[in-house]
Amino acid sequence: MEKHELDSIFEKTYIELSDSEKSEMSDLFQNEDEFNQLKYIFNQISNEVDKRKSLEIEPKAEIKSNLDNLFHQKYQNTGVLWYNALSVFFINPEKKWHAQNLTRIAAIAILALLMIPFMNSTKIEDNGVLTAKNEIKTEGKKEKEKIENKIVNDDNSLENESNVENKLSTEKEFKQTFDASPAEIVRNNQTFGSSLASEDFDNLSAKEKPTSDVFLAESSSLSMHPDGVFIEREEKNKESTNFSLQANLNFLDLLTPTF
Amino acid sequence: MQILRKKYNTFSDEDLMNYLSKGDKFAFDELYSRYAKAMLNYFKRLLWNDLEKAEDFVHDLFAKIIQKPESFDASRSFKTWFYSVANNMCKNEYKKQEVRKNTSYSIEPNFVAKDEKTNVLNEVQDSFFGEAFDKKIKEMDNKHSEVFKLRHFDGLSIKEIAEVLNANEGTIKSRLFYATKYLAESLKEFNPLVNR
């Protein structure tokens, strides 16, 4: 009979016992008095056992240390950390192959490798989407640039117009100034300069010949420049818009040694 | 490495013994923490309350499982195997010391305790119950007392006691019944209801 069965019997009163329990325990008690006596003693014994268990002593630490030494002597070669080592973490000889950590890690790695092509395909699709978006953007940008260029050109044309006006006024001032200088010196210079200029100009190849209006000269009689540089400028051409600021500055520099 | 340490406290005794046989120190530590105290008190009870001798026996018992772990039969319960080894050690000690106390107290089925008419209830205190209990346990036949002790002090089941003592369960059950009855009859003087 297990302990819990005995306990359950002694937790009951004699009246509560079934016939089967009474017959089973007939060796221990025959009547209610004997049952009560046995119950009391049994409880006393249980209390005594509990009391003695609470007084149980602990083994000395010396015993443990001696046993530890004995253990280390016995298992010198097999390290304490063998089963706690990293190698056992990966390959535990007591586990089945599919339960090994190494197998699991390898499976994860294979899955990751198999995922790579799918990851790349996703990237390509993404790039396609991005490219389409970029095209839309670039078209928009081009339109914007066109509009901006138009605006800038309009501004430049306005600036050119103002530059031309400035140049015309400068030329008029120059002519007025030049008319006031001695005529003899100017004419000698004009003759010498015009001959040199015409010869040099003829010697230039077709490519080297300036196409700009700035360096084109007409006749020496019309040219009034002291160094023989002749400017093709008639009143009708002076209104053209291809007169750059740089040319204007060169022109002014040429005037400097004259005066 | 502490991170990778196994949870030894969740392992069964048999698994720990298996690890111990391969040199796992932590398995040994866990087994020691589980059984050292119980075995010390077991030896103390069986060896005439000789604490020093009991400690020596605990050392020898654990030394055996260190030196010869292969002697443990994995098909058996470690607990019963361990107690049976301890029990055999005590028997050897009895033989060695040639001390056999109260060997003729085999309880007959028709045993009737002496009816001492003296009312001792008023004469003894409750603390005396322990002394009387010890006395009656010692007076009891060894085969009955050891079953009683294993049952009540060590908390082993009938089946486990049968394995430890290498006897069948029916025998153990009858021994326990007679031991209980003997004690109840012997200690009935302490029952105030009877002596009223």
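Below, the structure is looked at part by part.

1. Comments concerning the overall build of chain B
Part 1 of the argument: If you tally the helices and strands in chain B, you get eight helices and zero strands.
Part 2 of the argument: Residues classed as buried in chain B amount to 49% of the 196 residues present.
Part 3 of the argument: Taking contacts inside chain B between residues at least 6 apart in sequence as the whole, the part at least 24 apart equals 64%.
Part 4 of the argument: For chain B, the accessible area works out to roughly 9,900 Å², and carbon and sulfur atoms hold 46% of it.

2. With respect to the overall build of chain A
Part 1 of the argument: A tally of helices and strands in chain A yields eight helices and zero strands.
Part 2 of the argument: Burial analysis of chain A (259 residues in total) assigns 23% to the buried set.
Part 3 of the argument: Of the roughly 18,500 Å² of accessible surface on chain A, 56% is carried by carbon and sulfur atoms.

3. Quick look at the interface of chain A and chain B
Part 1 of the argument: Each partner contributes residues to the interface: chain A has 46 residues there, and chain B has 55 residues.
Part 2 of the argument: Where chain A abuts chain B, roughly 5,100 Å² becomes buried across the two surfaces, and 64% of that area is made up of carbon and sulfur atoms.
Part 3 of the argument: Summed over the shared surface of chain A and chain B, the number is five salt bridges.
Part 4 of the argument: Lys25 of chain B is the partner of Asp68 of chain A in a salt bridge, and the nearest nitrogen-oxygen pair spans 2.9 Å.
Part 5 of the argument: At the junction of chain A with chain B, the criterion picks out six residue pairs in polar contact (both at pLDDT 80 or more).
Part 6 of the argument: Those elements that provide at least two residues to the side of chain A that touches chain B are helix 1 (3–11), helix 3 (32–54), helix 4 (61–74) and helix 5 (86–90) of chain A.
Part 7 of the argument: By residue class, the composition of the side of chain A that touches chain B is 22 nonpolar, 10 polar and 14 charged.

4. Some remarks on the packing of helix 2 (residues 25–46) of chain B against helix 3 (residues 51–67) of chain B
Residue and element names in this part refer to chain B.
Part 1 of the argument: Packing of helix 2 against helix 3 leaves a shortest axis separation of 9 Å and a crossing angle of 145°. The two elements helix 2 and helix 3 cross, and the hand of that crossing is right-handed. Contacts between helix 2 and helix 3 involve Phe28, Leu31, Tyr32, Tyr35, Ala36, Met39, Leu40, Phe43 and Lys44 from the former and Leu51, Ala54, Glu55, Phe57, Val58, Leu61, Phe62 and Ile66 from the latter.
Part 2 of the argument: Here the contact of helix 2 with helix 3 is composed, by residue class, of 15 nonpolar, no polar and two charged.

5. Focus on unusual backbone geometry
Residue and element names in this part refer to chain B.
Part 1 of the argument: In this structure, Trp48 is a non-glycine residue whose phi angle is positive, near 60°.
Part 2 of the argument: Structurally, Trp48 can be placed in the loop between helix 2 and helix 3.
Part 3 of the argument: Taking relative accessible area as the criterion, Trp48 reaches 31% and is therefore assigned partly exposed.
Part 4 of the argument: Positive phi, close to 55°, is recorded for Asn166, a residue that is not glycine.
Part 5 of the argument: You can see Asn166 is positioned in the loop between helix 7 (158–165) and helix 8 (169–186).

6. Re the side chain of Ser84 of chain B
Part 1 of the argument: Mapping Ser84 of chain B onto the fold places it in helix 4 (residues 78–97).
Part 2 of the argument: If we ignore the near neighbours within four places in the chain, the residues touching Ser84 of chain B are Arg76 and Val164 of chain B.

7. Here's the deal with a nonpolar patch on the surface
Part 1 of the argument: Together, Leu113, Met115, Ile116, Phe118 and Met119 of chain A make up an exposed nonpolar region whose accessible area comes to about 540 Å².
Part 2 of the argument: Topologically, Phe118 of chain A is positioned in helix 6 (residues 101–179).

8. Here we look at the pattern of salt bridges
Part 1 of the argument: Per the stated rule, a full pass over the model turns up 13 salt bridges over all chains.
Part 2 of the argument: The partner of Glu55 of chain B in a salt bridge is Lys60 of chain A, and the shortest N-O contact between them spans 3.6 Å. Of this pair, Glu55 of chain B sits in helix 3 while Lys60 of chain A sits in the loop between helix 3 and helix 4, placing the two residues on different chains.
Part 3 of the argument: The class for Lys60 of chain A is partly exposed, based on a relative accessible area of 46%.

9. Examining the packing of aromatic side chains
Residue and element names in this part refer to chain B.
Part 1 of the argument: This structure, assessed with the given rule, holds 23 aromatic pairs over all chains.
Part 2 of the argument: Aromatic pair Tyr8 and Phe26: ring centres 5.9 Å apart, planes at 40°, arrangement tilted. Residue Tyr8 is found in the segment before helix 1 (13–21), and its partner Phe26 is found in helix 2; the two are separated by 18 residues along the sequence. By the burial criterion, Tyr8 is buried, and Phe26 matches it.

Rules and cut-offs
- Residues numbered from 1 in each chain as written.
- Chains lettered and ligands numbered in written order.
- Predicted model: local features only at pLDDT ≥ 70, side-chain atom pairs only at ≥ 80, totals over all residues.
- Heavy atoms only, no water.
- Helix = DSSP H or I, 4+ residues; strand = E, 2+ residues; numbered from the N terminus.
- Buried < 20%, exposed > 50% of the residue type's maximum accessible area, 1.4 Å probe, protein only.
- Contact = heavy atoms within 4.5 Å.
- Areas by Shrake-Rupley, 256 points an atom, 1.4 Å probe, with all protein chains shown as cover.
- Buried area = accessible area lost by both parts, 1.4 Å probe.
- Salt bridge = Lys/Arg side-chain N within 4 Å of Asp/Glu carboxyl O.
- Polar contact = N/O pair within 3.5 Å; in protein donor to acceptor, adjacent residues only side chain to side chain.
- Nonpolar A, V, L, I, M, F, W, Y, C, P; charged D, E, K, R; others polar.
- Axes fitted to C-alpha atoms, helices over the stretch in contact; angles between N-to-C directions.
- Left-handed = near helix turned anticlockwise from the far one by under 90°.
- Patch = residues over 30% accessible without salt bridge, like charges linked within 9 Å, V, L, I, M, F, W, Y side chains within 5 Å.
- Phe/Tyr/Trp six-rings, centres within 6.5 Å; stacked < 30°, edge-to-face > 60°.

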